[in-house]
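# Reading the structure
Here is how the chains run, residue by residue.
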Amino acid sequence: MPDTKAMPAYITTPIYYVNDKPHIGHAYTTTICDVWARAMRFGGHDVFFLTGTDEHGVKVEKSARERGIEPQALADENAAEFQKVMGLFNLSNDDFIRTTEPRHEEQVRAFVKRLHEQGDIYLGEFEGWYDEGQEEYHTETKAKEYEYKSPISGKPLVRATETNYYFRLSAYQERLERFFEENPDFVRPEARRNEILGRLREGLLDVPVTRTNFSWGIPFPGDEDHVIYVWIDALMNYATALGMADPESSDRARYWPASFHVIGKEILWFHAVIWPALLMALDLPQPRCVYAHSFWISEGQKMSKSMGNFIDLEQLQGYMETYGRDALRYFLATQGPLGATDSDFSRSQFHETYTTDLVNTVGNCASRTSAMIGKYCDGKCPADTGDCAGGGIEWPEFTAEQVDASIRAMERFDLAGSIGAAMAIVRKVDGFINETAPFKLAKQPGTESQVGDILYRCAEAVRIAACLLEAVMPDRMNDLREAWNLGEPSGDLRSECAWGALQSGTTIEKVALFPRVEFKESE
Ligand code: MSP
């Protein structure tokens with residue numbers, strides 16, 4: 001087994017367009033990356049977690065013009081909104097990159113210059129089916145399949161001719177196919193990988209990497225009438241944030257390549273095909289995985305501007321005020337669309353998840369355990385006497401299995417699986433309390449040792465589960481740490497989760513982690 005502990009880990013979100021305000025989709029992707037980043041840090045990894053904003057391109061230029069302001073002013077305004085999300089959701093990103101920053105622009109130009117000089121980018125003329133909303137060309141086969149309409153907006157595709165600089169994507173066809181075969185986990189989930197492979201096998205066209213119809217972008221090195229296409233500019237953020245145009249002089253180069261580029265399914269083609277081809281051309285190692293999640297829909301309906309039903313920051317803040325931000329993080333991480341199907345964000349399901357998992361399970365177990373330790377053991381953690389009165393559970397073995405399952409699931413970005421394994425520990429404690437009924441046993445004389453032993457097991461199991469849940473619910477699990485005097489996370493999650501680390505005699509204060517909330521339909 002390699003020593004993975006000090007291994008660098010790098011996770012990225014898409015960089016978000018600044019022509020719009022942040023909503024649940026952006027908060028979702030960033031939150032799930034945060035959960036992973038925190039979990040890896042608890043496991044002792046050297047983590048770099050990147051997010052940011054995508055500020056160039058015709059859409060931003062257009063939105064700014066509509067508002068009568070400069071594109072940079074619009075970018076500044078909305079980048080600040082996105083940064084606000086970081087605070088609201090308690091996001092622990094190590095950097096926030098903006099594509100209008102000189103550090104990014106300079107490196108993009110350096111990369112593009114290199115590609116041009118080595119012949120991977122050439123000046124050419126092209127005619128094809130263009131999706132104006134998506135700024136993307138489709139092959140004849142695809143255009144026909146879409147009935148010559150945009151699969152995203154439904155607007156007609158237009159026949160367009162352009163003199164542009166092109167990236168020789170077609171030259172990477174075979175290498176990409178081989179790369180996909182050799183790395184079956186490169187694109188996840190699997191359904192998405194199959195889609196991409198299918199499309200890849202239809203054959204690749206060279207892609208334009210510059211535009212002349214607008215000016216809000218990075219000028220093409222050596223031919224400033226052209227600006228670099230926003231997608232090429234944007235994808236490169238993953239490399240520029242680490243200073244990869246000159247890795248020798250960057251102290252972040254050790255994080256390359258990414259463990260996970262986490263994105264929504266609509267931008268998978270760029271990340272799964274164009275980005276790897278660019279990296280091949282630049283001779284940079286490939287990311288381990290591009291994880292393309294599905295979409296949140298709202299109360300059963302697709303969210304769209306025309307419907308005006310986006311769950312926006314204000315609504316999310318409302319949930320946080322009522323339920324706490326950890327509750328929102330928990331809901332997003334466990335009920336979200338990490339698989340190949342979309343997930344529904346509904347008020348009633350949010351409430352139910354909160355009540356069932358957090359109030360009745362985690363909160364209840366922690367409060368019952370600490371209340372009984374208060375009552376029967378003077379608020380001091382009892383000793384593990386081995387004098388267990390029933391229950392029939394091999395706690396050290398059972399928790400070790402769940403800990404292992406939880407850590408492994410997190411490592412492969414199965415957030416619900418990881419959290420589920422931690423929750424299985426808490427549920428077991430719940431059943432154990434009911435079965436062994438220490439509150440009844442305590443009424444009989446001479447049972448102190450047995451009662452203490454039961455409560456030690458409950459407290460120790462809750463503590464272990466809390467360590468595993470800390471990445472998703474940092475606020476509340478930290479409350480538990482403080483109330484139970486557990487100290488700071490050690491940076492070695494596995495040892496921290498070993499049975500027996502809880503010392504008898506430790507002061508255990510009563511905790512109320514998740515208050516019950518009454519459901520209000522109308523909010
Ligand atoms: N700027 C590009 C990405 C460039 S990455 C090199 C972009 N930006 S975006 O602002 O439109 O953000 C898209 C991302 O927001 C999606 O990939 C996804 O992460 C998130 N979501 C947007 N709507 C969403 C849902 N309804 N549900 C879940 N996430 C979604 O595309």
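Structural data are supplied above this passage.
Calculation notes
- Residues numbered from 1 in each chain as written.
- Predicted model: local features only at pLDDT ≥ 70, side-chain atom pairs only at ≥ 80, totals over all residues.
- Heavy atoms only, no water.
- Pairing = 2+ DSSP bridges.
- Helix = DSSP H or I, 4+ residues; strand = E, 2+ residues; numbered from the N terminus.
- Axes fitted to C-alpha atoms, helices over the stretch in contact; angles between N-to-C directions.
- Contact = heavy atoms within 4.5 Å.
- Nonpolar A, V, L, I, M, F, W, Y, C, P; charged D, E, K, R; others polar.
- Buried < 20%, exposed > 50% of the residue type's maximum accessible area, 1.4 Å probe, protein only.
- Parallel < 35°, antiparallel > 145°, perpendicular 65-115°, else oblique.
- Right-handed = clockwise from strand over helix to strand, strands pointing away.
- Salt bridge = Lys/Arg side-chain N within 4 Å of Asp/Glu carboxyl O.
- Phe/Tyr/Trp six-rings, centres within 6.5 Å; stacked < 30°, edge-to-face > 60°.
- Near = heavy atom within 4 Å.
- Polar contact = N/O pair within 3.5 Å; in protein donor to acceptor, adjacent residues only side chain to side chain.
- Areas by Shrake-Rupley, 256 points an atom, 1.4 Å probe, with all protein chains shown as cover.

## Quick notes on the sheet that holds strand β11 (residues 223-228)
- The strand order β9-β11-β10 describes an open sheet built from 3 strands, whose pairing is antiparallel. Two strands bound the open sheet, and with one partner strand each, they are β9 (210-211) and β10 (219-220).
- In this structure, β10 lies alongside β11, joined through 2 bridges in antiparallel fashion. The residue bridging Phe 220 from the neighbouring strand is Asp 223, located in β11.

## Thoughts on the packing of helix α11 (residues 313-323) against helix α12 (residues 325-335)
- Between α11 and α12, the shortest axis-to-axis distance is 7 Å and the interhelical angle comes to 115°. From α11, Leu 316, Tyr 319, Met 320 and Tyr 323 reach across to α12, where they touch Arg 325, Ala 327 and Leu 328.
- Each residue belonging to the contact of α11 with α12 can be placed in one class, and the counts come to 6 nonpolar, no polar and 1 charged.

## Things to note about helix α18 (residues 474-483)
- Those residues of α18 not exposed but buried are Pro 474, Asp 475, Met 477, Leu 480, Arg 481 and Ala 483.
- Where α18 is buried, its residues touch α1 (24-42), α12, α13 (347-376), α17 (448-469) and α19 (493-496).
- One or two steps after α18, the chain reaches Asn 485, where phi turns positive at roughly 50°.

## Section: the packing of helix α4 (residues 102-117) against helix α10 (residues 268-282)
- Across the interface, α4 lies against α10 with an axial gap of 10 Å and an inter-helix angle of 70°. The pairing of α4 with α10 is recorded here as roughly perpendicular in orientation. In this structure, α4 contributes Phe 111, Arg 114 and Leu 115 to the contact, and α10 contributes Leu 278, Ala 281 and Leu 282.
- In the contact of α4 with α10, the residues fall into 5 nonpolar, no polar and 1 charged.

## Considering the pairing of strand β12 (residues 260-264)
- The element β12 is largely enclosed, with a buried count of 5 among its 5 residues.
- Residue alternation in β12 divides its side chains into two sets, Phe 260, Val 262 and Gly 264 and His 261 and Ile 263, and both sets are buried.
- Relative to strand β13 (residues 289-293), β12 runs parallel, the two being bridged by 5 bridges. Bridge pairing in β13 links His 261 to Val 290.
- Since β12 and β13 lie parallel, the crossover through α10 that links them has a hand, and here it is right-handed.

## Structural notes on the pattern of salt bridges
- Counting across every chain of the model gives 32 salt bridges.
- Of the charged contacts, one joins Asp 34 and Arg 329 as a salt bridge, the two residues approaching to 2.7 Å between their closest N and O atoms. In this pair, Asp 34 is assigned in helix α1 and Arg 329 in helix α12, connecting sequence segments 295 residues apart. Across the pair, Arg 329 and Asp 34 agree in class, each one buried.

## Things to note about the pairing of strand β3 (residues 95-98)
- Covered by surrounding structure in β3 are Asp 95 and Ile 97 together with Phe 96 and Arg 98, the residues of both alternating faces.
- Where strand β2 (residues 46-54) meets β3, 4 bridges bridge the pair, whose relative direction is parallel. Across the sheet, the residue bridging to Gly 52 is Ile 97, located in β3.

## As for the packing of aromatic side chains
- Per the counting criterion, the structure on display carries 34 aromatic pairs.
- With 6.4 Å between their ring centres and 80° between their planes, Trp 256 and Trp 275 make a pair best called edge-to-face. Residue Trp 256 is located in the loop between α9 (237-240) and β12, and its partner Trp 275 is located in helix α10; the two are separated by 19 residues in the primary sequence.
- With a relative accessible area of 1%, Trp 275 lands in the buried category.
- Ring centres of Trp 395 and Trp 499 lie 6.1 Å apart, and the angle between their planes is 15°; this geometry places the pair in the stacked category. In this pair, Trp 395 sits in helix α14 (residues 395-411) while Trp 499 sits in the segment after α19, placing the two residues 104 residues apart along the sequence.

## Quick notes on the site of the ligand
- In the vicinity of the ligand there are 23 residues, among which Ile 15, Thr 29, Asp 54, Gly 264 and Trp 296 approach most closely.
- For the ligand, an oxygen atom lies 2.7 Å from a polar atom in the side chain of Thr 29.
- Backbone polar atom of Gly 264 to an oxygen atom of the ligand: 2.9 Å apart, as the coordinates give it.
- For the ligand, the protein covers 92% of the area, taking 670 Å² as the surface of the free molecule.
- At the level of elements, β1 (8-17), α1, α8 (230-235) and α9 are the ones that each hand at least two residues to the shell around the ligand.

## Here we look at the sheet that holds β13
- An order of β3-β2-β1-β12-β13-β7 is seen for the 6 strands of this open sheet, with the pairing classed as parallel. The strands lining the two open edges of the sheet, one partner per strand, are β3 and β7 (187-188).
- As paired elements, β7 and β13 share 2 bridges and run parallel to each other. Across the sheet, Val 187 pairs through a bridge with Val 290, a residue of β13.

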